[in-house]
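# A closer look at the structure
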Amino acid sequence: MMMFLFLPLQGAIRIFMGIVVLTMKASVIEMFLIFLVTGIHSNKEITKKIKRPKITVPQINCDVKAGKIINPEFMAKCPAGCQDPKYHVYGTDVYASYSSVCGAAVHSGVLDNSGGKILVRKVAGQPGYKGSYSNGVQSLSLPRWRESFIVSEGKPKKGVTYPSALTYSSSKSPAAKAGKCSRETTKAYQKPSVPGTATRPVTLTQTPMTTAAKASHTTLPKASLSVAFTTSSPRPQPTGHEPREMDLWSATTYTSSQNSSSANPGIQRQDSSGAAFQRPAAMDVSLGCRVDLSFVIDGSSSIGKRRFRIQKQFLVDIAQALDIGPAGPLMGVVQYGDNPATQFNLKTHMNSRDVKAAIEKMTPRGGLSNVGRALSFVTKNFFSKASGNRGGAPNVAVVMVDGWPTDKVEEASRLARESGINIFFITIESAIEKEKQYVTEPNFANKAVCRTNGFYSLNVQSWFSLHKTLQPLVKRVCDSNRLACSKTCFNSADIGFVIDGSSSVGTSNFRTLLQFVANVSKEFEISDTDTRIGAVQYTYEQRLEFGFDQYSSKPDILNAIKRVGYWSGGTSTGAAINYALEQLFKKSKPNKRKLMVLITDGRSYDDVRIPAMAAHQKGVITYAIGVAWAAQDELEVIATHPARDHSFFVDEFDNLYKSVPRIIQNICTEFNSQPRN
């Protein structure tokens, strides 16, 4: 029984002990919570007492380019909408400073199109930038550029103070329009020591600045034919590579100082031909040099002020050598950068003195080297009657390029050539082997010029060798016999019409046929020296209506076509072809393209194969136009190969006019497809 009483007592003790333990745990937890709440409250009080300074992030627009901001590292806030393609971006991951800062941020994925804060850090220029499509933004490729930047998330680094307001360079400052740099990258920039030059912003990266040695500015009396180069701070140059040029130039000289390189060892170099560059001697240009000349000059950021002065001096020397005047050469200038602009046109100045004064006033436009855009501008605007184009003088455009274009030139050049403009390319300091991967359009000069035999293109190794091209260039632009682009599909042919006057045609249809002949003829430039027109009518017999040398103007030709009388008779097409070869094309000029346009409405009574073969062998390009009952197989035999481009068929005479545009197009396409070498 005692045992039974002990068991309940033991259970009660255990229950009591459990209650005590639970009570102690609750007390500990309560104390812990009290300490925790007290600590949080204390931290809040401390936080209230120690306020962190608020970072002010400056706002920028979508079109702000990194090159316009001097600060080497900064935070900025971009607005929404910077994904728009009008905000150009150049490069991938590392961007040229010519890029939109916010556009680059969207391209890199740091921001989306809603905008936000970014961190920007300037880095050294790159030898080239490759374009890519990313995050809805198409970035573009670009040749070497002297400054780059990297974009990252807008989180400030510890211990770094960022500017609350950004420092912008002047719109006239060279740094605001960063150009294609020298052969490689550069770490630091310095103020120029040449008096009168614009002050550049200092260090664009966080690297120590290097200072180039200054040297004295040597000046000779004005009566001297040349003065010495001054030695001054050059443009920023790469480490470990030669510069593109010794960037020092006097606007009135071609002579270098022999101690220039010693003043700054390792930074400057002399031209390989020697230290001295003499001004070109005066040339005697024949009075027969009558040419309408446009110089399309490089005003991009890549060229720099000093090299731009070299270019201007070259133009002045050209003008003086040509002896500008109404009876001889006329000269105008178009300058390009991002966009082209006419500096003065053909009728603005009528002597070399006035041309020189106008050239000396020109300043560089800055921006990219958009040569293709400039050529399109010249084709549409420069050689117009309103701008002084004389019509009878060859049109010549001399394009000057520093390095290489930043856009494509082939299509714009083709259209210029087709309009009769003779294009010359002068490429100064073209891409070296390791730079060719960045050239937008390889072999661009040969794609642009009228012939690829070297006559139209000049490659100049250094800006200091440019003066050596003066005499060869003047001789070439004045050699009218070799200006191949003056010859177009509209002004370089002898066109002989061979007209079916057989009885099946009828009087009414014959008048329609003559209207077709007039419609084709009026598309061409007609004169003694341009396209000439002749006509033969045939039945069983043949007669010469008028020869190539009978009429030398378009109104006279159109009147002569109207006066052709309907003959009537049989259809001997083979004999008519032989007659045209003898009476028309035997008297064609050697430098003219020979085009025969034969129109018939039926099958020939005689053989056409042998006469057609004779025409082809004599270089006569034959177009065969059939109407109504004309035999398709005969048309294909008569037509020059390929027949699909030289034979046409319409079901009735009233539809002849519909074939005129295609015939003209095929004539010009064939002309333009001729080898250009």
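Residues numbered from 1 in each chain as written. Predicted model: local features only at pLDDT ≥ 70, side-chain atom pairs only at ≥ 80, totals over all residues. Heavy atoms only, no water.

### Some words on the state of the cysteines
Applicable threshold: By disulfide we mean two sulfur atoms from cysteines, separated by a distance within 2.5 Å. Under the DSSP-based scheme used, a helix requires at least four consecutive residues in state H or I and a strand at least two consecutive residues in state E, with every element numbered from the N terminus. Throughout, exposure labels follow a simple rule: accessible area from a 1.4 Å probe, protein chains only, divided by the maximum for the residue type, with under 20% read as buried, over 50% as exposed, and the rest as partly exposed.
For the coordinates displayed, the defined rule picks out four disulfides. The disulfide partner of C62 is C82, and the gap between their sulfur atoms is 2.0 Å. On the sign convention where negative is left-handed, the bridge of C62 and C82, at about -75° about the S-S bond, is left-handed. Taken as a pair, C62 in the loop between α1 (2-49) and β1 (73-78) and C82 in the loop between β1 and β2 (91-92) lie far apart in primary sequence, 20 residues in all. Exposure class is identical for C62 and C82. Each is buried. Across the disulfide, C289 is cross-linked to C478 (sulfur-sulfur distance 2.0 Å). Taking the sign of the torsion about the S-S bond as the criterion, the disulfide between C289 and C478, at about -65°, is left-handed. You can see C289 sitting in the loop between α3 (260-263) and β8 (292-298) and its partner C478 sitting in the loop between α9 (470-477) and β14 (493-500), a full 189 residues away along the chain. Accessibility assignment for this pair places C289 and C478 in one class, buried.

### Quick word on the nonpolar core
Our working rule: In this description, a nonpolar core means a group of buried Ala, Val, Leu, Ile, Met, Phe, Trp, Tyr and Cys residues linked to one another through side-chain atoms lying within 4.5 Å.
If you look at the biggest cluster of nonpolar residues, it comprises 73 residues, and the most contacted ones within it are F295, F314, L315, M331, F425, I426 and L473. Considering each element in turn, this core owes the most residues, nine residues, to helix α4 (residues 304-322). Formed by 37 residues, the second largest nonpolar core is a distinct cluster that contains I499, A518, F546 and A560.

### Some points on the pattern of salt bridges
What counts here: Any carboxyl oxygen of Asp or Glu within 4 Å of a side-chain nitrogen of Lys or Arg constitutes a salt bridge here.
Under the criterion given, the structure shown has 15 salt bridges. A salt bridge links K122 to E147, with the shortest nitrogen-to-oxygen separation between them at 3.1 Å. Of the two residues, K122 sits in strand β4 (residues 116-129) while E147 sits in strand β7 (residues 142-153), which places them 25 residues apart along the sequence. E147 gets classed as buried once you look at its relative accessible area, which sits at 2%. The residue D292 makes a salt bridge to R390 at a minimum N-O spacing of 2.7 Å. Residue D292 is found in strand β8, and its partner R390 is found in the loop between α6 (371-382) and β11 (395-402); the two are separated by 98 residues along the sequence. The structure contains a network of salt bridges with shared partners spanning R307, D402 and E429.

### Focus on the sheet that holds strand β17 (residues 593-600)
Heads up, the condition is: Between any two strands, at least two bridges found by DSSP are needed for them to pair. Axes here refer to lines fitted to C-alpha atoms; in helices the fit is confined to the stretch in contact. Angles between the N-to-C directions go from 0 to 180 degrees. Working rule for contacts: check all heavy atoms of both residues, and any pair within 4.5 Å makes them a contact.
The strand order β16-β15-β14-β17-β18-β19 describes an open sheet built from six strands, whose pairing is mixed. With one partner strand each, in any of the chains shown, β16 (542-546) and β19 (647-650) form the two edges of the open sheet. Taken over all neighbouring pairs, the strand axes of this sheet differ in orientation by 20° on average, direction set aside. Of the strand pairs in this sheet, β14 and β17 are connected by seven bridges, and their pairing is parallel. Within β17, the residue paired with G496 across the bridge is M596. Packed onto the sheet, helix α16 (residues 660-672) meets β17, β18 (620-627) and β19 and runs at close to 160° relative to β18.

### Describing the confidence of the model for the protein
The cut-off we apply is this: The predictor reports its confidence for every residue as pLDDT, a score running from 0 up to 100.
Mean pLDDT for the protein: 79, with 74% of residues reaching 70 or above. Below pLDDT 50 for its whole length, residues 1-7 participates in zero contacts with residues either more than four positions away or in separate chains. Taken together, the stretch residues 171-282 has pLDDT below 50 and engages in 251 contacts with residues farther than four places along the chain or on a different chain.

### Details of the sheet that holds β8
Reading across the sheet, the six strands line up as β10-β9-β8-β11-β12-β13 and stay open at both edges, with mixed pairing between neighbours. Both edges of this open sheet fall to β10 (341-344) and β13 (457-460), since each of them pairs with a single strand only. On average, adjacent strands in this sheet sit at an angle of 20° to one another, irrespective of strand direction. Pairing between β8 and β11: five bridges, direction parallel. The residue of β11 that forms the bridge with V296 is V399. Where α4 meets the sheet, its contacts fall on β8, β9 (330-336), β11 and β12 (421-428), and the angle it forms with β8 comes to roughly 170°.

### With respect to the environment of K122
Among the residues examined, K122 registers a relative accessible area of 4% and is labelled buried. Along the chain, K122 and F149 lie 27 residues apart, while their C-alpha atoms are 4.2 Å from each other.

### Regarding helix α2 (residues 101-108)
For α2, the buried fraction is high: seven of the eight residues fall into the buried class. Of the positions making up α2, those classed as buried are V101, C102, G103, A104, A105, V106 and H107.

### Focus on the packing of helix α12 (residues 573-583) against helix α13 (residues 609-617)
Short version of the rule: Throughout this description, any angle smaller than 35 degrees is read as roughly parallel, any larger than 145 degrees as roughly antiparallel, any in the 65 to 115 degree range as roughly perpendicular, and the remainder as oblique. Whether a crossing is left-handed or right-handed is set by the direction in which the near helix is turned from the far one by less than a right angle, anticlockwise for left-handed and clockwise for right-handed. In this classification, Asp, Glu, Lys and Arg are treated as charged, Ala, Val, Leu, Ile, Met, Phe, Trp, Tyr, Cys and Pro as nonpolar, and every other residue, Gly included, as polar.
Viewed as axis vectors pointing N to C, α12 and α13 meet at an angle of 25°, and their least axial separation amounts to 8 Å. If you check the angle between α12 and α13, you find them roughly parallel. Crossing of α12 against α13: the hand is left-handed. Facing α12, whose interface residues are G574, I577, N578 and L581, α13 presents P611, A612, A614 and A615. Looking at the contact of α12 with α13, its residues break down into six nonpolar, two polar and no charged.

### Observations concerning α13
For clarity, the cut-off: Our arc is simply the arc of the directions from the helix axis toward the C-beta atoms.
Listed as buried for α13 are P611, A612 and A615. Down the axis of α13, the smallest arc covering the buried residues is 100°, so these residues share one side. Turned more than 90 degrees away from the buried face of α13 sit R609, I610 and Q617, all of them exposed. Tucked into the core, α13 has its buried residues touching α12, β18 and α14 (632-638).

### Concerning the pairing of β12
Of all eight residues that make up β12, eight are buried, and the element is covered over most of its length. Residues I421, I423, F425 and T427 line one face of β12 and the alternating positions N422, F424, I426 and I428 line the opposite face, and both faces are buried. Two elements, β11 and β12, share eight bridges in a ladder whose sense is parallel. Bridging across to β12, V396 finds its partner in N422. Judged from the four bridges that link them, β12 and β13 form a sheet pairing that is parallel. If you follow I428 over to β13, its bridge partner there is V460.

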